[in-house]
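# Summary of structural features
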Amino acid sequence: MRLDNRVALVSGAAMGIGKAIAVLFAQEGARVIAADISEQGHETEREIREAGGQCLFIRTDVSQENHVQAAVRAGSERFGPIDVLANVAGIAHEKPAHELPLEDWQHVLNVNLTSMFLCAKHVLPAMMKLHRGAIVSISSIQGLFGFPGYPHYAASKGGIIAMTRQLSREYAAEGIRVNCIAPGTVDTPMNHGVLSRVPDPEALKAAWAKMHPLGRFGRPIDIAYGALFLAGDESSWITGQCLAIDGGVSARVL
Ligand SMILES: NC(=O)c1ccc[n+]([C@@H]2O[C@H](COP(=O)([O-])OP(=O)(O)OC[C@H]3O[C@@H](n4cnc5c(N)ncnc54)[C@H](O)[C@@H]3O)[C@@H](O)[C@H]2O)c1
């Protein structure tokens, strides 16, 4: 299996893309620490264990350094040193820049970007000791091409791409690879929320499908397969990259 003997910390593992990554990593042999602010993380742990995998859910607010430290400590005590980090937790609120309260800007930056710094900060020492590690973060095509209404989200996702490149250079000599993924629109609770707030959800769904040259929006597993590739040895000569998994959106823009 691709992640045999690996210990993976997956943030945002309670639902959506993070849950798909946690489940797939466990299927591929990883011992998974599922870190999420939502108690629904218990469900991820239960599903993985019932399928014969190993998972520990730790309720964690990844924007808080003491939470991240505690999750890394407890997870490592249970499963051993972490050598795979998937930064998936994220939030999105719609508001144009001229109406955006500073607190909302800071909240989105803290959850989406500062969390990447905090999780990396606290797993890197163990990876450096092992001289092995893979960090995979979920950016967005919004980090490449902003959508109207999401200045804070786009900035946080662009920051993930920049930090991915920076960390990849800093830690390559330590045997640690750092990559990210820029998904297009994916069918997850985050977007179910968006659909529930518009008058005609079916029309919006059709517009999203049309926006992607491959004619549909993404499934969480589409992103999880990319994360598995970037976390495992098949990508051992890849670092500092941003892989668009977006049904062709970015190819069309260019
Ligand atoms: N769904 C999409 O279309 C899409 C597209 C591009 C990028 N992304 C990114 O993919 C990631 C996952 O998105 P999703 O669509 O699965 O979202 P989702 O809302 O379905 O899941 C996000 C998860 O993050 C958790 N979370 C939120 N705040 C947290 C915090 N402070 N600490 C710990 N956990 C926290 C939530 O509880 C939830 O389990 C996000 O970073 C998102 O920005 C999503």
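Residues numbered from 1 in each chain as written. Predicted model: local features only at pLDDT ≥ 70, side-chain atom pairs only at ≥ 80, totals over all residues. Heavy atoms only, no water.

### Things to note about the sheet that holds strand 7 (residues 242-245)
On the basis of which strands lie adjacent, the open sheet formed by 7 strands has the order 3-2-1-4-5-6-7 and parallel pairing. Each of the sheet's edge strands pairs with one partner strand only, and the pair in question is strand 3 (54-59) and strand 7. Across the sheet, the mean angle separating the axes of adjacent strands is 15° when strand polarity is ignored. Bridge count between strand 1 (residues 7-11) and strand 2 (residues 31-36): 5 bridges; the pairing is parallel. (Pairing = 2+ DSSP bridges. Helix = DSSP H or I, 4+ residues; strand = E, 2+ residues; numbered from the N terminus. Axes fitted to C-alpha atoms, helices over the stretch in contact; angles between N-to-C directions.)

### Thoughts on the pairing of strand 4 (residues 84-87)
The two faces of strand 4 match: V84 and A86 on one face and L85 and N87 on the other face are all buried. Here 3 bridges tie strand 1 to strand 4, and the two strands are oriented parallel to one another. Along strand 4, the bridge assignment pairs L9 with L85. With 4 bridges connecting them, strand 4 and strand 5 (residues 133-138) associate as parallel partners. By the bridge assignment for strand 5, V84 is matched with A134. Once the chain exits strand 4 it traverses helix 4 (residues 102-130) before rejoining the sheet at strand 5, and the crossover so formed is right-handed. (Buried < 20%, exposed > 50% of the residue type's maximum accessible area, 1.4 Å probe, protein only. Right-handed = clockwise from strand over helix to strand, strands pointing away.)

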